[in-house]
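# Understanding the architecture of this molecule
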Amino acid sequence: MAKLAQGTKYRGSIHDFPDFDPSQDAETLYNAMKGFGSDKEAILELITSRSNRQRQEICQNYKSLYGKDLIADLKYELTGKFERLIVGLMRPPAYSDAKEIKDAISGIGTDEKCLIEILASRTNEQIHQLVAAYKDAYERDLEADVIGDTSGHFQKMLVVLLQGTREDDDVVSEDLVQQDVQDLYEAGELKWGTDEAQFIYILGNRSKQHLRLVFDEYLKTTGKPIEASIRGELSGDFEKLMLAVVKCIRSTPEYFAERLFKAMKGLGTRDNTLIRIMVSRSELDILDVREIFRTKYEKSLYSMIKNDTSGEYKKTLLKLCGGDDDAAGKFFPEAAQVAYQMWELSAVARVEAKGTVHPAGDFNPDADAKALRKAMKGLGTDEDTIIDIITHRSNAQRQQIRQTFKSHFGRDLMADLKSELSGDLARLILGLMMPPAHYDAKQLKKAMEGAGTDEKALIEILATRTNAEIRAINEAYKEDYHMSLEDALSSDTSGLFKRILISLATGNREEGEDRDRVREDAQVAAEILEMADTSSGDRSSLETRFMMILCTRSYQHLRRVFQEFVKMTNYDVEHTIKKGMSGDVRDVFVAIVQSVKNKPLFFADKLYKSMKGAGTEEKTLTRIMVSRSEIDLLNIRREFIEKYDKSLHQAIEGDTSGHFLKALLAVCGGKD
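Residues numbered from 1 in each chain as written. Predicted model: local features only at pLDDT ≥ 70, side-chain atom pairs only at ≥ 80, totals over all residues. Heavy atoms only, no water.

Rule in force here: UniProt positions are given in the numbering used here, feature names are shortened, and annotations may be inferred rather than shown by experiment.
An unreviewed UniProt entry annotates the protein chain as Annexin of Lipotes vexillifer. In its Sequence similarities (unreviewed entry) section, UniProt records this for the protein chain: "Belongs to the annexin family." For the record of the protein chain, the UniProt heading Function (unreviewed entry) holds the text "May associate with CD21. May regulate the release of Ca(2+) from intracellular stores."

In structure tokens:
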């Protein structure tokens, strides 16, 4: 079992086995591998119920009793992922890390993700043990091997981490915190180019406690989290390494929860990553990793492993996991702390929204109108020219082109485009040609047309638009469809869901933050979500008050309310809404909360879901790409690659085709 720091509670899933008898265990394993075939069940049961220290004793006794190497026998008897997992458990932790790093830098190519994961997450003591184990196992110097296989600033930071000289958490100097914030700011945001050496020195050497204060102060000073500056100033593997260091400084268990999720999501499983993390954290902090995993991804680590693996490999991983949090249905203290910090980050961040489509320089509406007319004249259509012009002009410039087209040719450009284009490409190009408010109005109208209602589209638009955008949509709806948006919503929806949508459609969100009302509003949320001990009103009255809070309070105010809610109940409001509500009411409240928390991430999630699995939700994909292209699509791209480990560009490329693909990629604006 891992050695604990004084006063630290053990958070591993593997414990010392009581009444441990290494000779008896060695005999059991020998018998399990004797003769034809092997008793895999007996092997996994024994090894997963012994601590690493006890396994080393078993290895020694096995050699004494049988004159054979236990790990060599296990390698011979077992195969594939199960063999890698069992053998990984049999090695001392430092030697297991050494083997992973040796594999990462051997042969053609380097597994940078493995290097980053291990060196960014280990303590000073673990690093020193790793370096010694590498020297002992391979008779080579780890630092020299890393230098020989990497380059640039990425290499320099790895070498700094390999020293294992991060300062202890005991002493934190407020003056030094301020100085480090200033140095990082001047090295990145304020400098032409970037002084990478400052980032390397500060992030590679300062204590975790000190750096957490630096990150908090950096956010207050610059209005953006340190992660945003790293993404903006650094690139490639160096950027990924620095982001991993920051994540581990903030919360090592959260870093591993994210790594595990990414290892199992989508098609295929990254088994090497899954094995490495489950082995290395099983006697350290896997319980904390489990808690955060359950909170962030709304499913237990246990259930995801169960659905993503099979056979003895699955059984062994589940033993290491140590339990199914879905069965308990709990929201854990560690997870509540993470939720509180997340709302604090959301409350103080001032991230600049950036689109991907900008006004064209040397804009000539006359030339554009003529080029578009030529592209649509005669037999066939020149889609490439249409895409190139329309995706590289701002919406205001497109309106000028429309006007010029009509003046020159006496024709309606929209009608011509509709006649010449078809399918998904037509929807995208025509969407880009419409003024934003009229486009949103049309999407709302379509969501309420015909049999059935597209509640998801209604929620997506009304829960995310600003007051000014909502008012413009109301005017456009009235102008285009000769009825009010409120009347349309009233006739097509019902109950509390209708009232919520109508409230959102008024565009009357308050400005600023009312500190005096924060706790009162959090109390209403706690009561309606049945998290409070007492109730100050009947259910219907509480529903109305909760609706009013979510639909009319400013984003700034709501962030503080949701933070207070965590403090008051030890639960996150989004988690609680999902658990305690249902149907469209739940979906619209969740959308509001997610938009308040991080609007670009809300849209990144929507885009990911529109393209994952069999088939593509082209309408959702088009609607978001069109509506966010000049607002915050660049921010959405950054959230997408951060959460899903692939760029929006890659996702679009893998899920669409032809001219529709080309137009989407032009709007996307970059590969990241």
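And the narrative resumes.
## So, the overall build of the protein chain
Applied cut-off: Put simply, DSSP marks the helices as runs of H or I at least four residues long and the strands as runs of E at least two long, and each gets a number from the N terminus on. Buried, partly exposed and exposed residues are distinguished by accessible area as a fraction of the type maximum, computed with a 1.4 Å probe on protein chains only: under 20%, between the cut-offs, and over 50%, respectively. The contact criterion used is simple: two residues touch if any of their non-hydrogen atoms lie within 4.5 Å. Per-residue and other accessible areas follow the Shrake-Rupley method at a 1.4 Å probe size, with only the shown protein chains counted as cover for residues.
When helices and strands are tallied, the protein chain shows 40 helices and zero strands. Once the C-alpha set of the protein chain is aligned to its principal axes, its extents read approximately 95 × 65 × 60 Å. Burial status across the protein chain gives 52% buried among its 672 residues. Partitioning the contacts of the protein chain with sequence separation of at least 6, the portion at a separation of at least 24 is 72%. Working note: accessible area of the protein chain is about 30,200 Å², and carbon and sulfur atoms make up 47% of it.

## Looking at helix H40 (residues 658-668)
Turning to H40, its buried residues are Phe660, Leu661, Ala663, Leu664, Leu665, Val667 and Cys668. Its buried side turned inward, H40 meets helix H23 (383-391), helix H26 (423-433), helix H37 (618-628), helix H38 (633-644) and helix H39 (648-655). Following H40 by one or two positions, Gly669 has its phi on the positive side, about 85°.

## Some words on the environment of Ala347
Tracing the chain through its elements places Ala347 in helix H21 (residues 333-348). In the structure, Ala347 is positioned 230 residues away from Ile577 in sequence and 20 Å away in space, judged by C-alpha atoms. Apart from residues lying up to four places away in sequence, Ala347 is in contact with Arg559 and Arg560.

## Remarks on the environment of Ser23
Topologically, Ser23 is positioned in helix H1 (residues 22-33). Considering only alpha carbons, one finds Ser23 and Ile58, 35 residues apart in sequence, at a separation of 6.8 Å. Setting aside residues no more than four positions away along its own chain, Ser23 makes contact with Asn61 and Leu65.

## Side note on the pattern of salt bridges
Note the threshold: Salt bridge, as used here, is a side-chain nitrogen of Lys or Arg placed within 4 Å of a carboxyl oxygen of Asp or Glu.
Counted by the stated rule, this structure contains 49 salt bridges. The partner of Arg393 in a salt bridge is Asp368, with the nearest N and O atoms 2.7 Å apart. Residue Arg393 is located in the loop between H23 and helix H24 (395-409), and its partner Asp368 is located in helix H22 (residues 365-376); the two are separated by 25 residues in the primary sequence. Given a relative accessible area of 15%, Arg393 falls into the buried group. Taken together, the salt bridges that share partners define one network made up of Arg231, Lys247, Glu254, Glu258, Lys262, Lys296 and Glu642.

## What to know about the packing of helix H18 (residues 301-308) against helix H19 (residues 311-321)
To keep it simple, the criterion reads: Lines fitted to C-alpha atoms define the axes, with helix axes restricted to the stretch in contact, and inter-axis angles between N-to-C directions lie between 0 and 180 degrees. Relative orientations are named as follows: roughly parallel for angles under 35 degrees, roughly antiparallel for angles over 145 degrees, roughly perpendicular for angles from 65 to 115 degrees, and oblique for any other angle.
Two numbers describe how H18 lies on H19: the axes approach to 9 Å, and their chain directions differ by 175°. Viewed along their axes, H18 and H19 adopt a mutual orientation that is roughly antiparallel. Across the interface between the two elements, Leu301, Tyr302, Ile305 and Lys306 from H18 touch Lys314, Leu317, Leu318 and Cys321 from H19.

## Remarks on the nonpolar core
To keep things clear, this is the line we draw: Residues belong to one nonpolar core when they are buried, are Ala, Val, Leu, Ile, Met, Phe, Trp, Tyr or Cys, and are joined through side-chain atoms within 4.5 Å.
By size, the foremost hydrophobic cluster in this structure holds 105 residues, and its most contacted members are Leu417, Phe546, Phe589 and Met625. Looking at this core, the element that brings in the most residues is helix H36 (residues 583-611), giving 14 residues. Residues within four places of Leu417 in sequence aside, it is in contact with Met376, Ile386, Ile390, Ile429, Leu430 and Met433. Core analysis: the second largest hydrophobic core is formed by 95 residues, Met33, Tyr134, Tyr297 and Met304 among them.

## Some details on the packing of aromatic side chains
As a reminder of what qualifies: The pairing test for Phe, Tyr and Trp rings, Trp by its six-membered ring, is centres within 6.5 Å, and the orientation test on the planes gives stacked under 30 degrees, edge-to-face over 60, and tilted for anything in between. Criterion for a charge above a ring: Lys NZ or Arg CZ within 6 Å of the ring centre, and within 35 degrees of the ring normal.
Evaluated as defined, the whole model comprises 16 aromatic pairs. Summarising the aromatic geometry, the rings of Phe546 and Phe589 are spaced 5.0 Å apart at their centres and angled 70° between planes, so their arrangement reads as edge-to-face. With Phe546 in helix H33 (residues 539-552) and Phe589 in helix H36, the pair connects residues that are 43 residues apart, well separated along the chain. The burial state of Phe546 is the same as that of Phe589; both residues are buried. An aromatic cluster of three or more residues is present, and its members are Tyr30, Tyr62 and Tyr66. Taking the ring centre of Phe17 as reference, the NZ or CZ of Arg50 above it sits at 3.7 Å.

## Quick look at a positive patch on the surface
The condition is simple: Excluding any residue in a salt bridge, patches collect residues exceeding 30% relative accessible area, merging like charges within 9 Å and nonpolar Val, Leu, Ile, Met, Phe, Trp and Tyr side chains within 5 Å. Counted as positive: Lys and Arg. Counted as negative: Asp and Glu, with His and the chain ends omitted from the count. Lysine's charge is taken at NZ, arginine's at CZ, aspartate's at CG and glutamate's at CD.
Taken together, the side chains of Lys299, Lys456, Lys609 and Lys612 present a region of like positive charge at the surface. Among the secondary structure elements, Lys609 is positioned in helix H36. Taking relative accessible area as the criterion, Lys609 reaches 52% and is therefore assigned exposed.

## Looking at H1
In plain terms, the rule: Expected helix span is taken as 1.5 Å per residue step, with the number of steps being one fewer than the number of residues. Read the arc as the range of directions from the helix axis to the C-beta atoms. We call two N or O atoms a polar contact when they sit within 3.5 Å, provided that within protein one can donate a hydrogen and the other can accept it, with sequence-adjacent residues counted only if both atoms are side-chain atoms.
End to end, H1 covers 17 Å across twelve residues, agreeing with the expected 16 Å (1.5 Å per residue, within 8%). When H1 is considered as a whole, its buried residues turn out to be Pro22, Asp25, Ala26, Leu29, Ala32 and Met33. Projection of H1 onto a plane perpendicular to its axis shows the buried side chains occupying an angular sector of 125°, all on one side. The secondary structure elements touched by the buried residues of H1 are helix H2 (40-48), helix H3 (52-66) and helix H4 (70-77). A distance of 3.2 Å separates the backbone nitrogen of Ser23 from a side-chain oxygen at the start of H1, and that oxygen is part of Asp21. Looking at the residues trailing H1, positive phi occurs at Gly35, about 80°.

## As for unusual backbone geometry
For residues besides glycine, phi is generally negative; the peptide bonds are generally trans as well. Phi is positive for Asp362, which is not a glycine, with a value near 50°. When you line up the elements, Asp362 lands in the loop between H21 and H22. The residue Asn570 is not glycine, and still its phi comes out positive at about 70°. Mapped onto the fold, Asn570 is located in the loop between helix H34 (555-569) and helix H35 (573-580).

## Here's the deal with the state of the cysteines
Where two cysteines share a covalent bond between their sulfur atoms, that bond is called a disulfide. Rules: When two cysteine sulfur atoms are found within 2.5 Å, that pair is recorded as a disulfide.
One pass over the structure, following the stated rule, counts zero disulfides. Its sulfur unpaired, Cys114 is 13 Å from the next cysteine sulfur, which belongs to Cys248.

## Some details on the packing of helix H28 (residues 455-462) against H37
Just so we agree on the cut-off: By definition, any crossing whose near helix is turned counterclockwise from its far helix by less than a right angle is left-handed, and any crossing with a clockwise turn is right-handed. Each residue is assigned to one class: nonpolar for Ala, Val, Leu, Ile, Met, Phe, Trp, Tyr, Cys and Pro, charged for Asp, Glu, Lys and Arg, and polar for all the others, Gly among them.
Look at H28 against H37: their axes get within 12 Å of each other, and the N-to-C directions meet at 15°. Comparing their axes, H37 and H28 come out roughly parallel. Judged by the sense of rotation from one axis to the other, the crossing of H28 with H37 is right-handed. Here H28 contributes Ala457, Glu460 and Ile461 to the contact with H37, which in turn contributes Thr620, Arg623 and Ile624. By residue class, the composition of the contact of H28 with H37 is three nonpolar, one polar and two charged.

## So, the environment of Met434
Mapped onto the elements of the fold, Met434 is located in the loop between H26 and helix H27 (436-448). The sequence separation of Met434 and Trp343 amounts to 91 residues, and the corresponding C-alpha distance is 36 Å. Apart from residues lying up to four places away in sequence, Met434 is in contact with Asn395, Gln399, Arg402, Met414, Tyr439 and Lys442.

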